[in-house]
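The primary structure of each chain is shown beneath.
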Amino acid sequence: MKIQIGLLGGQGRMGKWVSKLMESEFGETAILATQPKRGEDTQQLLKTDTIIDFSSPAALSALIESALNYPGDLPSFVLGSTGGSEKDHKLIQKLSNRTAVLMASNFSAGILLVSQIIKQFSPLLENLGYTPVILESHHRHKKDAPSGTALALQRAIDSSNPHRIQTHSIRAGEVIGDHKITFYGPADQIVFKHSVQDRSIFARGAIQAALWLAERPRGANKNTGLLGMEEYLTYL
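1. Examining the overall build of the protein chain
So, step 1. When its secondary structure is counted, the protein chain shows seven helices and ten strands.
So, step 2. Relative to a compact globule of 236 residues, whose C-alpha radius of gyration would be 18 Å, the protein chain shows 19 Å and is just as compact.
So, step 3. Principal axes of the C-alpha set define a box for the protein chain whose edges measure 60 × 40 × 35 Å.
So, step 4. Expressed as a percentage of its 236 residues, the buried residues of the protein chain come to 46%.
So, step 5. Of the contacts formed within the protein chain by residues at least 6 apart in sequence, a portion of 75% connects residues at least 24 apart.
So, step 6. Counting every atom, the protein chain has about 12,200 Å² of accessible surface; 51% of that belongs to carbon and sulfur.

2. Quick word on the layout of surface pockets
Think of a ball as big as a water molecule: rolled over the atoms, this probe shows where empty space is left.
So, step 1. Here the largest pocket defines a volume of roughly 1,200 Å³.
So, step 2. If you tally residues by element for the lining of the largest pocket, the top one is helix α2 (residues 57-68), at four residues.
So, step 3. Class assignment of the residues belonging to the lining of the largest pocket gives a composition of twelve nonpolar, 20 polar and eight charged.
So, step 4. In this structure, the second largest pocket spans a volume of roughly 680 Å³.
So, step 5. As for the second largest pocket, its lining consists of 28 residues, of which A104, S105, G148, A152 and R155 are closest to the centre.

3. Examining helix α6 (residues 200-214)
So, step 1. Taking 1.5 Å of rise per residue, 15 residues should cover 21 Å, and α6 covers 21 Å from first to last C-alpha, within 8% of that figure.
So, step 2. Counting buried positions along α6 gives twelve out of 15 residues, so the element sits mostly inside the fold.
So, step 3. S200, F202, A203, G205, A206, I207, A209, A210, L211, W212, L213 and A214 are the residues of α6 that are buried.

4. Overview of the packing of aromatic side chains
So, step 1. For the coordinates displayed, the defined rule picks out three aromatic pairs.
So, step 2. Here the aromatic rings of F54 and F107 are separated by 5.8 Å at their centres, their planes lie at 75°, and the arrangement is edge-to-face. With F54 in the loop between β3 (50-53) and α2 and F107 in the loop between β5 (100-103) and α4 (109-127), the pair connects residues that are 53 residues apart, well separated along the chain.
So, step 3. Residue F54 is classed as buried on the basis of its relative accessible area, which comes to 14%.
So, step 4. Taken together, a centroid distance of 6.1 Å and an interplanar angle of 85° make the contact between F183 and F192 edge-to-face.
So, step 5. Judged by relative accessible area, F183 falls into the buried class, the value being 0%.

5. Structural notes on unusual backbone geometry
So, step 1. In this chain, A145 is followed by P146 through a cis amide linkage whose omega measures 0°.
So, step 2. Relative to the assigned elements, P146 resides in the loop between β6 (131-138) and α5 (148-157).

6. Comments concerning the sheet that holds strand β2 (residues 30-34)
So, step 1. Read across the open sheet, the six strands follow the order β2-β1-β3-β4-β5-β10; overall the sheet is parallel. Edge strands, defined here as strands with exactly one partner in the open sheet, are β2 and β10 (225-227). For this sheet the average axis-to-axis angle between neighbouring strands, irrespective of direction, equals 25°.
So, step 2. The pairing of β5 with β10 spans three bridges and is parallel.

7. Some words on the pattern of salt bridges
So, step 1. For the coordinates displayed, the defined rule picks out eight salt bridges.
So, step 2. Salt-bridge contacts for R171 lead to E136; the nearest nitrogen and oxygen are separated by 2.8 Å. With R171 in strand β7 (residues 166-171) and E136 in strand β6, this pair connects stretches of sequence that are 35 residues apart.
So, step 3. What makes R171 partly exposed here is its relative accessible area of 23%.

8. Remarks on the environment of T149
So, step 1. Take T149: it is sitting in helix α5.
So, step 2. In this view, T149 contacts S105, N106, I111 and H179; residues no more than four positions away in its chain are not counted.

9. A word on the packing of helix α1 (residues 13-24) against α6
So, step 1. Viewed as axis vectors pointing N to C, α1 and α6 meet at an angle of 65°, and their least axial separation amounts to 9 Å. Where α1 crosses over α6, the handedness of that crossing is right-handed. Contacts between α1 and α6 involve M14, W17, V18, L21 and M22 from the former and S200, F202, A203, R204 and I207 from the latter.
So, step 2. In terms of residue class, the contact of α1 with α6 is built from eight nonpolar, one polar and one charged.

Cut-offs used in this document
- Residues numbered from 1 in each chain as written.
- Predicted model: local features only at pLDDT ≥ 70, side-chain atom pairs only at ≥ 80, totals over all residues.
- Heavy atoms only, no water.
- Helix = DSSP H or I, 4+ residues; strand = E, 2+ residues; numbered from the N terminus.
- Rg over C-alpha atoms; globule rule 2.2 N^0.38 Å.
- Buried < 20%, exposed > 50% of the residue type's maximum accessible area, 1.4 Å probe, protein only.
- Contact = heavy atoms within 4.5 Å.
- Areas by Shrake-Rupley, 256 points an atom, 1.4 Å probe, with all protein chains shown as cover.
- 1 Å grid on protein atoms, 1.4 Å probe; cavity = no way out; pocket = protein on both sides within 12 Å on 5 of 7 lines; lining within 4 Å.
- Points joined across faces, edges and corners; volume = space filled by probe spheres on them.
- Nonpolar A, V, L, I, M, F, W, Y, C, P; charged D, E, K, R; others polar.
- Expected span 1.5 Å × (residues − 1).
- Phe/Tyr/Trp six-rings, centres within 6.5 Å; stacked < 30°, edge-to-face > 60°.
- Pairing = 2+ DSSP bridges.
- Axes fitted to C-alpha atoms, helices over the stretch in contact; angles between N-to-C directions.
- Salt bridge = Lys/Arg side-chain N within 4 Å of Asp/Glu carboxyl O.
- Left-handed = near helix turned anticlockwise from the far one by under 90°.

Put into structure tokens, the structure is as follows:
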């Protein structure tokens, strides 16, 4: 039986990529069961196996409030929308007490590997006198700055005081997403860079994470909790 996936935010850029890849690459194992448009009833999403969200904080919070009042078993959630208030994050935490929620600002395995590398080596580099600086570039339509990925990279470098990391944002043209972390030394520079060539990498990662969640135990023994792409990649 095919895994039933629901999509919130199907009319946006990322939502359209999810729809396209579901048909072209994942049709043998999963089906896009429902993708309500803006203003349409979202209750059908709660009857699927996993929900992928690429909508807005407001739309997601409305769905979570419905989910928290839903009497049956909830689907797992893969959350890709960034931003949101402290109240929105508290709702997500409450949701994770009832079902598995995987939340990520970036579903690219490549950027996660970069993050893991700098997490491991940043303390040594800083002890050697290197200063980390993040430069992130995105298209002119992107509203948040720094990006969610840049904030995650800050935490990878220094989890206790991430905001001390110099971070610069560029919003211009149609850049999909570039992140460069430079460690400036007294006489040299060490550079880590990740550049996205097309948005399919984000949609594909979200779908793969959704399928992984859907295959986890359901019902009384269903896993709960707030997860990240780190947990997903440990199973690859």
